[in-house]
Amino acid sequence: MSEMKEWVGWFRKASPYINTHRNKVIVLAISGETLQHSNFDNITHDIALLNSLGVRLVIVFGARPQIDDALKKNDITASFHRSLRITDPKMMPFVLEAYGRLRSELEAKLSMGIINSPMHGSKINVVSGNFVMARPHGVSDGIDLGLTGQVRSIDVEAIERHFEHGSVVLIPSVGYSMSGDIFNLSYEALGAEVAVKLRAEKLVFFGHDSGLKNSEGELLQEMTVKEAQLYTAKGEARKENSGIDQEQINQLTAAAKACEAGISRVHLLSYAHDGALLEELFTRDGHGTMVSVDHYDQIRPARLEDTNGILELIRPLEEQGFLVRRSRELLETELDYFLVDVRDNAIIGCAGLYPFPEDQAGELSCFAVDPAYRRHGRGDRLLDAVQERAKNQNLAKLFVLTTQTEHWFKERGFELVSSQNLPGDKSYNAARNAKVLMKTINE
Ligand SMILES: CC(C)(COP(=O)(O)OP(=O)(O)OC[C@H]1O[C@@H](n2cnc3c(N)ncnc32)[C@H](O)[C@@H]1OP(=O)(O)O)[C@@H](O)C(=O)NCCC(=O)NCCS
């Protein structure tokens, strides 16, 4: 019974995401290591599931370990320059053989549909083609990279035509030139280019680890482009002991470029974790690291449709005595005073600014961050936004009445004052005995 309840709860929580992703383009950039991992069968089932939910999918795949194996077997030494393979013409047959075989294997796996479900055997259309035009990478630092190429253009129209028919588009990391040459491409750079040209909603990379870690080994759930660039620069400088490897550097570099070119979210997931893709797309917190242009949360003025979310956030805090109780009706009439911190359509923070213009003062009230999201600077960001709003309203001071958060405010420049300092119109409930803290914001 409880299992069923859990399932119902899960399904309800996932349903808004199903609607959000329908008809949106998601590019999956899959490494050769991912393709040979035992969890890849589960990933293909999840791909089939996403396709059946109307997500427009492109799979860009690489073949580094498969090409390395083939070269080794044929006594050809693989060489790289700045993490790019130098593709000698004599290597090209092995490159093409690896991609051809992987493409057939992928098509076969996707043809299985969704096993153990009523959709087992339902046919997924998989298409591949000459979608990528390329040109030589050329000579870098005096080294000729041979048939290693870079993307010249992507046939967006052709790919979109296939989306109209519900097809999954498969793109190996090779590109063609007008003169009929074939170039070997990096799947990370190609994935980013394809995502940008298709204006994808998301770009997803699969790696050996569940996203990126900080120096304490903790998962970094979010990164801005700037943070990603710093992280890769640090990683490049001391690769051996930074805990970051070349593939992660390549993925993060491509992720940052894609974000700068307009992709709002790029995800770095583990190929070994069963269900990572579904967790990332259908839950609020996901599973790996997400790179975005800016912070994932958005602080904005509250709207009527936020009422339920605010009430859900503040009710437990009212019961614990942190906040003064507000009825739904009162909250609705005072919504214009509120700012909310929104993450994936859920309210995870709120703050009210009640102005007392005659005293050039504003009351910060109903200030809260969801317990699951505390200690990440959200309280600080909300307070900054409230201060900004107060300045725009020409208020000179901000005050707050609190029973349990005195020190938090003191550490942010508020000072303890007597209730006599409150604006004339502000009533003070002596029974609650809250501390009054005040801060000058506009001299
Ligand atoms: C106060 C509150 C909004 C801070 O949110 P937040 O997102 O965790 O804020 P930040 O990440 O910017 O700050 C976190 C820091 O504040 C500290 N902190 C949290 N609550 C505190 C309190 N009651 N007193 C002193 N410090 C506190 C944390 O320990 C943390 O510091 P640390 O990382 O050095 O240990 C949140 O704790 C909350 O919602 N509290 C309940 C509601 C409340 O008291 N509201 C104020 C009355 S209007």
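Model, not experiment: these values are computed from the prediction.

*Asks:* Which parts of the structure should I look at to understand the overall build of the protein chain?
*Replies:* Each helix and strand in the protein chain was counted, giving 15 helices and 23 strands. Burial status across the protein chain gives 36% buried among its 443 residues. Long-range contacts, defined as pairs at least 24 residues apart, comprise 71% of the intrachain contacts of the protein chain with a sequence gap of at least 6.

*Asks:* Teacher, can you tell me more about the pairing of strand 19 (residues 346–356) here?
*Replies:* Pairing analysis gives six bridges linking strand 18 (residues 338–343) to strand 19, with the strands arranged antiparallel. Within strand 19, the residue paired with Arg343 across the bridge is Ala346. Linking strand 18 back to strand 19 in an antiparallel pair, the connection comprises two residues, with Asp344 at a positive phi of about 50 degrees. In the sheet, strand 19 pairs with strand 20 (residues 361–369) via seven bridges, with the strands oriented antiparallel. For Cys350, the partnering residue across the bridge sits in strand 20 and is Ala368. Following strand 19, the chain reverses through four residues before pairing antiparallel with strand 20; Gln360 in that reversal takes a positive phi of roughly 50 degrees.

*Asks:* Quick question: what am I supposed to make of the site of the ligand here?
*Replies:* Around the ligand sit 18 residues in total, of which Arg374, Arg378, Gly379, Asp380 and Thr405 are the nearest. Elements represented by at least two residues in the shell around the ligand include exactly strand 20, helix 14 (378–392), strand 21 (397–402) and helix 15 (406–410). Partitioning the shell around the ligand into residue classes produces seven nonpolar, seven polar and four charged.

*Asks:* Would you take a moment to explain the sheet that holds strand 22 (residues 415–417) for this structure?
*Replies:* What holds strands together in a sheet is hydrogen bonding between their backbones, with the strands either parallel or antiparallel. Here we have seven strands laid out as an open sheet, ordered 17-18-19-20-21-23-22, and mixed in their pairing. Each end of this open sheet is capped by a strand with a single partner; those strands are strand 17 (298–301) and strand 22. Averaged over neighbouring strand pairs, the angle between their axes works out to 30 degrees when direction is ignored. Relative to strand 23 (residues 435–440), strand 21 runs antiparallel, the two being bridged by six bridges. What sits directly across from Thr402, in strand 23, is Lys435.

*Asks:* Just checking my understanding: could you explain the nonpolar core for this structure?
*Replies:* Taken as a class, soluble globular proteins show a tendency for nonpolar side chains to be buried jointly. One finds Val27, Val58, Val60 and Ala255 to be the most contacted residues of the largest nonpolar core, which totals 78 residues. Those residues within four positions of Ala255 in sequence are excluded, and the remaining contacts are Phe205, Ala228, Val266, Leu268 and Val291. Among the nonpolar cores identified, the runner-up in size contains 32 residues, and Ala302, Ala361, Val386 and Leu395 belong to it.

*Asks:* Could you clarify how one ought to interpret the domain arrangement of the protein chain in this entry?
*Replies:* One frequent convention defines the size of an interface as the accessible area lost when the parts assemble. Assigned domains of the protein chain: these are domain 1 (2–292) and domain 2 (298–440). Just the C-alpha atoms count here: the centres of domain 1 and domain 2 sit 44 Å apart.

*Asks:* Help me understand the sheet that holds strand 10 (residues 168–172) in this model?
*Replies:* Sheet architecture is open: eight strands sit in the order 5-10-2-1-13-15-16-14, paired in mixed fashion. Bordering the open sheet on either side are strand 5 (126–127) and strand 14 (222–224), each of which pairs with just one other strand. Alignment of strand 15 (residues 265–270) against strand 16 (residues 289–292), held across four bridges, turns out to be antiparallel. Residue His267 lies in a different strand from strand 16, and its bridge partner there is Met290.

*Asks:* It is not clear to me how helix 3 (residues 40–52) should be interpreted in this structure. Could you clarify?
*Replies:* When the terminal C-alpha atoms of helix 3 are compared, their 18 Å separation across 13 residues agrees well with the 18 Å that a helix rising 1.5 Å per residue should span. Restricting attention to buried positions, one finds in helix 3 the residues Ile43, Thr44, His45, Ile47, Ala48, Leu50 and Asn51. On its buried side, helix 3 packs onto strand 2 (56–61), helix 5 (92–110), strand 10 and helix 11 (276–282). The first or second residue beyond helix 3 is Gly54, which carries a positive phi of 90 degrees.

*Asks:* I tried to follow the packing of helix 7 (residues 187–197) against helix 10 (residues 246–260) on my own but got confused; where do I start?
*Replies:* Between two packed helices, both the angle of their axes relative to each other and the distance between the axes serve to describe the pair. Two numbers describe how helix 7 lies on helix 10: the axes approach to 9 Å, and their chain directions differ by 20 degrees. The orientation of helix 7 relative to helix 10 falls into the category roughly parallel. Where helix 7 crosses over helix 10, the handedness of that crossing is right-handed. For the pair helix 7 and helix 10, contact is made by Glu188, Ala189, Gly191, Ala192, Ala195 and Val196 and by Asn250, Gln251, Ala254, Lys257 and Ala258, respectively. Looking at the contact of helix 7 with helix 10 residue by residue, the class counts come to six nonpolar, three polar and two charged.

*Asks:* What's the story with the pairing of strand 2 in this structure? I'm lost.
*Replies:* Successive residues of a regular strand alternate their side chains across the two faces of the sheet. Across the six residues of strand 2, six count as buried, placing the element largely inside the fold. Neither face of strand 2 is left uncovered, since the one carrying Arg56, Val58 and Val60 and the one carrying Leu57, Ile59 and Phe61 both have all their residues buried. Sheet topology note: the strand 2/strand 10 ladder contains four bridges and is parallel. In the sheet register, Phe61 faces strand 10, and the bridge partner there is Pro172.

Rules used throughout
Residues numbered from 1 in each chain as written. Predicted model: local features only at pLDDT ≥ 70, side-chain atom pairs only at ≥ 80, totals over all residues. Helix = DSSP H or I, 4+ residues; strand = E, 2+ residues; numbered from the N terminus. Buried ≥ 20, exposed ≤ 12 C-beta atoms within 10 Å, placed from the backbone. Contact = placed C-beta atoms within 7 Å. Pairing = 2+ DSSP bridges. Near = placed C-beta within 6 Å. Nonpolar A, V, L, I, M, F, W, Y, C, P; charged D, E, K, R; others polar. Axes fitted to C-alpha atoms, helices over the stretch in contact; angles between N-to-C directions. Core = buried A, V, L, I, M, F, W, Y, C linked by C-beta atoms within 7 Å. Domains from an automatic or database assignment. Expected span 1.5 Å × (residues − 1). Parallel < 35°, antiparallel > 145°, perpendicular 65-115°, else oblique. Left-handed = near helix turned anticlockwise from the far one by under 90°.

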